[in-house]
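These are the residues of each chain, in order.
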Amino acid sequence: MNFISIDDVSSEQMQRIFDIADRIKAGKMEVSIGQDAIMVLLFEKPSTRTRVSFEAAMAKLGGKSIYLDSMTTQLSRGESLSDTAKVLSGYANYLVARMNRHADIVEMASSSTIPVINALTDLEHPCQSLSDLYTVRDAKKALKGIRLAFVGDIAANTANSLMLAGVKLGVDIVLIGPKEYQPNPVYFTKAREYGSVEVFDDPKEGLSDVDVIYTDTFVSMGQEKEAQDRKKLFEPYQVNAEMLKYANDDAIVMHCLPAHRGEEISAEVLDGPRSVVWDQAKNKMLIEEAILLYLSENETG
Ligand code: CP
Ligand code: NVA
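Residues numbered from 1 in each chain as written. Chains lettered and ligands numbered in written order. Predicted model: local features only at pLDDT ≥ 70, side-chain atom pairs only at ≥ 80, totals over all residues. Heavy atoms only, no water.

Visitor: Quick question: what am I supposed to make of the packing of aromatic side chains here?
Guide: Aromatic rings in a pair are described by how distant their centres are and how their planes are angled relative to each other. All chains considered together, the criterion is met by five aromatic pairs. Relative to Tyr214, the ring of Phe150 lies with its centre 5.3 Å away and its plane at 20°, an arrangement referred to as stacked. With a gap of 64 residues between them, Phe150 in strand E5 (residues 147-151) and Tyr214 in strand E8 (residues 212-215) connect regions that are remote in the sequence. You'll find Phe150 and Tyr214 in the same group, each marked buried. Ring geometry for Tyr181 versus Phe234: centroids 5.1 Å apart, planes at 35°, classification tilted. (Phe/Tyr/Trp six-rings, centres within 6.5 Å; stacked < 30°, edge-to-face > 60°. Helix = DSSP H or I, 4+ residues; strand = E, 2+ residues; numbered from the N terminus. Buried < 20%, exposed > 50% of the residue type's maximum accessible area, 1.4 Å probe, protein only.)

Structure, rendered in structure tokens:
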């Protein structure tokens, strides 16, 4: 089994991963994946959290990690993704990849004989969504019926995965952003088959009765050339104290990080009492540990 798109992960599988995470957290589970387990991380883009949390998760499970910056591999000299995936499958048990193009991770998975895990592509950030929803469940003691608003770049990879994972677990999704950037039609259509997804361009209207306010950078990795236009267009969607007033009084604030204080979120809100971003970041390691254990269960039957 791979972990490439939330589209391939059922609500039962997500619940199972949450159960594993709960048991790890409670110290009720023997956490070992075998000392021979090797995870290769192949990254085409920078990362702080995802890289370190995956490496730390693997270390806690007793295995080893090998980090590869794609630019220092033969990929940079034209070796094919398919040949690379075949060769890495002979050395390792898991391949965690952060790729520019989603199609590239799909191509690698088709030539790989080991589980391939998506550590972010232009279209998705599935491990992030799972740890985000685990964090919501922790903070709100529920997922079903929770109203989560994604504010800002509602066409981003994080929005795609979060909306689809959210509705599968019974979360009502609200997408709030400028008319010029509509949600990705594929993820939006799929998500609406599972549950409620509403789109607003007016934050005041969209944030009514919201329990969770989520934001991400206005300029994702690879969009640097559009930075100026994006920052201007998204400016009215900064998550700040004024915006919090439109949501429920106990609404929490989330951000996948890295954050840009003064752009998509104010420093006051990011560092304020409603923000759960540090728990959110910490939970990445726990959920990734659970994902690795889940995949190893599946591999060994
Ligand atoms: N949230 C997240 O994926 O952060 P990194 O880019 O630092 O991995
Ligand atoms: N949307 C952001 C997420 C970073 C974790 C990006 O792709 O850069």
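Visitor: Help me out: how do you make sense of unusual backbone geometry in this one?
Guide: For residues besides glycine, phi is generally negative; the peptide bonds are generally trans as well. Cis geometry is found at the peptide bond from Leu257 to Pro258, where omega equals 5°. The residue Pro258 is located in the loop between strand E9 (252-255) and helix H11 (267-270) in this model. The phi angle at Leu120 is positive, at roughly 120°, despite the residue not being glycine. Tracing the sequence through the fold places Leu120 in the loop between strand E4 (116-118) and helix H5 (126-140). Positive phi is not limited to glycine here, since Asp209 has a value of about 65°. Checked against the element boundaries, Asp209 lands in the loop between helix H8 (203-206) and E8.

Visitor: Got a minute to help me understand the site of ligand 1 in this structure?
Guide: In the vicinity of ligand 1, the contacting residues are Ser47, Thr48, Arg49, Thr50, Arg98, His125, Gln128, Cys256, Leu257 and Lys284. At a separation of 2.7 Å, an oxygen atom of ligand 1 approaches a polar side-chain atom of Thr50. Side-chain polar atom of Arg98 to an oxygen atom of ligand 1: 2.9 Å apart, as the coordinates give it. Expressed as a share of its isolated accessible area of 250 Å², the protein-covered part of ligand 1 is 95%. Tallied by class, the residues present in the shell around ligand 1 amount to two nonpolar, five polar and three charged. (Near = heavy atom within 4 Å. Polar contact = N/O pair within 3.5 Å; in protein donor to acceptor, adjacent residues only side chain to side chain. Areas by Shrake-Rupley, 256 points an atom, 1.4 Å probe, with all protein chains shown as cover. Nonpolar A, V, L, I, M, F, W, Y, C, P; charged D, E, K, R; others polar.)

Visitor: Would you mind going over the site of ligand 2 with me for this structure?
Guide: Ligand 2 sits among Leu120, Asn157, Asp216, Thr217, Ser220, Met221 and Leu257. In this structure, Asn157 approaches ligand 2 through a side-chain N or O atom, which is 2.8 Å from a nitrogen atom. In the model, an oxygen atom of ligand 2 is placed 2.8 Å from a nitrogen or oxygen of the Met221 main chain. When ligand 2 is considered free in solution it has 270 Å² of accessible area, and contact with the protein chains removes 94% of it.

Visitor: When you look at the sheet that holds E8 in this model, what are you seeing that I'm missing?
Guide: Hydrogen bonding along the main chain pairs the strands of a sheet, whether they run parallel or antiparallel. Reading across the sheet, the five strands line up as E7-E6-E5-E8-E9 and stay open at both edges, with parallel pairing between neighbours. Of all the strands in the sheet, the pair left with one neighbour each is strand E7 (197-200) and E9. Across the sheet, the mean angle from the axis of one strand to that of its neighbour is 20°, orientation sign disregarded. Pairing of E5 with strand E6 (residues 172-176) involves five bridges; the strand directions are parallel. If you follow Phe150 over to E6, its bridge partner there is Leu175. Here H5 sits on the sheet in contact with E5, E8 and E9, set at roughly 165° to E9. Across the sheet, helix H6 (residues 157-168) lies against E5, E6, E7 and E8, angled at about 155° from E6, the strand it touches most. (Pairing = 2+ DSSP bridges. Axes fitted to C-alpha atoms, helices over the stretch in contact; angles between N-to-C directions. Contact = heavy atoms within 4.5 Å.)

Visitor: Explain the packing of H5 against H6 here, please?
Guide: For any two helices packed against each other, one specifies the crossing angle of their axes together with the interaxial distance. Viewed as axis vectors pointing N to C, H5 and H6 meet at an angle of 50°, and their least axial separation amounts to 8 Å. Of the possible angle classes, the one that applies to H5 and H6 is oblique. Relative to H6, the crossing made by H5 is right-handed. Along its contact with H5, which presents Pro126, Ser129, Asp132 and Leu133, the element H6 presents Thr158, Ser161, Leu162, Ala165 and Gly166. Class assignment of the residues belonging to the contact of H5 with H6 gives a composition of four nonpolar, four polar and one charged. (Parallel < 35°, antiparallel > 145°, perpendicular 65-115°, else oblique. Left-handed = near helix turned anticlockwise from the far one by under 90°.)

Everything listed here is a matter of geometry and, on its own, says nothing about what the molecule does.
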